[in-house]
Amino acid sequence: MYTRILTSALFAGAAAGLIAALLQLVFVQPVLLHAELYESGELVHFGGTPVSAHPELPGFDLMRDSLSIVFTMLTYTGYTLVMVALMSMAEGRGAAINARTGLIWGIAGFIAFHLAPGFTLAPEVPGVAAADVGDRQVWWTATVATAGAAMWLIAYGGNKISYLIAVALLMAPHLIGAPEPDSFSGPVPTEIGALFAARAFGVGLAAWALVGTFAGYFWQTEGERAEASA
C-alpha cells in the first residue's frame, strides 16, 4: 500500500508540477516581472505621463527558471502525496478512483488550496500593501484546513448535518476575516494586480486538475499492476 501511494504520488506530482511550472513561466512570471519594475521604481504609474503597458521585461534566466521548475515540481509532488493518501482512504470506503474521478478530486483540491483562501486573501504581486506575513500564513492554513474538511464532508458525509457543517466550515474563515494592512498603498497598478490574481487562479485550476487526473490514473494503474503480479 505504501509503495503504491508513494509511486503514484511521485509520478503524478512530477508530471503535474512540470506542466504547472511551464504554465507559470509563460503566464504568471511575466506579470510578476512587470510588477517588480514598479516595485523597484524603474517604472512609475502615478503622475501625468502615461506609462507603456508593454515594457521590455527580463528574458530567460537559466538558474532562476530552472529552480522555479524544480520547486514547483516538489511542491505539487507534496500536494499529490496528500491527495493519494486520501484517495486510498476513500477507496477503502468504496469510492472508485481513476482518472475521471481524479479530476473531481483535483477541482476539490483547487477549491481548498486556492479558491477558498483566495476568496478573501487574494494572490498579491510584489510591492502591494499587506498585513504581517505570519498572520496571513496562520489564516491561510486554517482556511485550507477547514475547506479541505468541508470538501470531504460534502463528498462522504452523506447527510444534511454533514452538509451544514461543511457550509459553516467554508464560511467561517471569511466571516472572521483575513488579516488586512493598516492602510492601502503600493506602486503597482491595480490592472497588473488583477491580471496576476486571474492568472494565478487559472494556472492553479489547471495544475490541480492535472494533479487529480494523474493521481487517479496512476493510482488505478499501480493497483492493477499489483493485482496482476499477486
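What counts and what doesn't
- Residues numbered from 1 in each chain as written.
- Predicted model: local features only at pLDDT ≥ 70, side-chain atom pairs only at ≥ 80, totals over all residues.
- Heavy atoms only, no water.
- Helix = DSSP H or I, 4+ residues; strand = E, 2+ residues; numbered from the N terminus.
- Buried < 20%, exposed > 50% of the residue type's maximum accessible area, 1.4 Å probe, protein only.
- Contact = heavy atoms within 4.5 Å.
- Areas by Shrake-Rupley, 256 points an atom, 1.4 Å probe, with all protein chains shown as cover.
- Lys, Arg positive; Asp, Glu negative; His and termini not counted.
- Charge placed at Lys NZ, Arg CZ, Asp CG, Glu CD.
- Axes fitted to C-alpha atoms, helices over the stretch in contact; angles between N-to-C directions.
- Parallel < 35°, antiparallel > 145°, perpendicular 65-115°, else oblique.
- Left-handed = near helix turned anticlockwise from the far one by under 90°.
- Salt bridge = Lys/Arg side-chain N within 4 Å of Asp/Glu carboxyl O.
- Phe/Tyr/Trp six-rings, centres within 6.5 Å; stacked < 30°, edge-to-face > 60°.
- Lys NZ or Arg CZ within 6 Å of the ring centre and 35° of its normal.
- UniProt positions renumbered as here; feature names shortened; annotations may be inferred.
- Patch = residues over 30% accessible without salt bridge, like charges linked within 9 Å, V, L, I, M, F, W, Y side chains within 5 Å.
- Expected span 1.5 Å × (residues − 1).
- Polar contact = N/O pair within 3.5 Å; in protein donor to acceptor, adjacent residues only side chain to side chain.

Scanning the protein for helices and strands turns up six helices and zero strands. With the C-alpha coordinates of the protein rotated into their principal frame, the extents come out at 70 × 45 × 25 Å. Of all 230 residues assigned to the protein, the portion counted as buried reaches 34%. Taking the contacts inside the protein whose residues are at least 6 apart along the sequence as the reference set, 81% of them involve residues at least 24 apart. Put simply, the protein shows about 13000 Å² of open surface, and 68% of that area lies on carbon and sulfur atoms. When the 8 positive and 16 negative side-chain charges of the protein are each reduced to one mean point, those points stand 16 Å apart.

This next bit is on the packing of helix H2 (residues 62-92) against helix H6 (residues 190-229). Helix packing geometry: the angle between the two helix axes and the distance between the axes. Where H2 contacts H6, the axes come no closer than 10 Å and their chain directions differ by 50°. Relative to H6, the element H2 is oriented oblique. By crossing handedness, the relation of H2 to H6 is classed as right-handed. Residues Tyr76, Tyr79, Thr80, Met83, Val84, Met87, Ser88 and Glu91 of H2 form the contact with H6, whose participating residues are Ala207, Trp208, Val211, Gly212, Ala215, Gly216 and Trp219.

Applying the stated rule across the entire model yields four salt bridges. Put simply, Glu124 and Arg136 hold a salt bridge, and the shortest N to O gap is 3.0 Å. With a gap of 12 residues between them, Glu124 in the loop between helix H3 (99-118) and helix H4 (133-156) and Arg136 in helix H4 connect regions that are remote in the sequence.

The final tally for this structure, using the stated rule, is 11 aromatic pairs. Residues Phe113 and Trp208 carry aromatic rings whose centres are separated by 5.1 Å and whose planes lie at 20° to one another, so their mutual orientation is stacked. Within this pair, whereas Phe113 is found in helix H3, its partner Trp208 is found in helix H6, the two being separated by 95 residues in sequence. Residue Phe113 is classed as partly exposed on the basis of its relative accessible area, which comes to 24%. Of the residues examined, Trp208 reaches a relative accessible area of 2% and is grouped as buried. Members of the aromatic cluster, joined through ring pairs, are Tyr76, Tyr79, Phe113, Trp140 and Trp208. Positioned over the ring face of Trp219 is Arg4, at 3.7 Å from the centre of the ring.

UniProt's entry tags residues 67-90, 102-122, 137-154, 161-178 and 198-219 with the feature "transmembrane region" (unreviewed entry), counted in the numbering of this structure. Along residues 102-122, the helical share is 81% and the strand share 0%, with 26 Å between the first and last C-alpha atoms. Across residues 161-178, the secondary structure splits into 89% helix and 0% strand, with the terminal C-alpha atoms separated by 27 Å.

So, about a nonpolar patch on the surface. On the surface, Met63, Leu67, Val70, Phe71 and Leu74 cluster together into a nonpolar patch covering about 510 Å² of accessible area. Looking at the secondary structure, you find Leu74 in helix H2. The exposed category is assigned to Leu74, whose relative accessible area is 54%.

Let us now look at the environment of Leu175. Mapped onto the secondary structure, Leu175 falls in helix H5 (residues 160-176). Here Leu175 falls in the exposed class, since its relative accessible area comes to 66%. Separated by 47 residues in sequence, Leu175 and Val128 have C-alpha atoms that sit 23 Å apart.

In this model, H5 (17 residues) spans 24 Å end to end at C-alpha, consistent with the 24 Å of a helix rising 1.5 Å per residue. Among the residues of H5, those classed as buried are Ser162, Ala166 and Pro173. Buried residues belonging to H5 abut H4. For H5, the N-terminal cap is Asn159; the gap from its side-chain oxygen to the backbone nitrogen of Ile161 is 3.2 Å. Positive backbone phi, approximately 100°, marks Gly177, located one or two places after H5.

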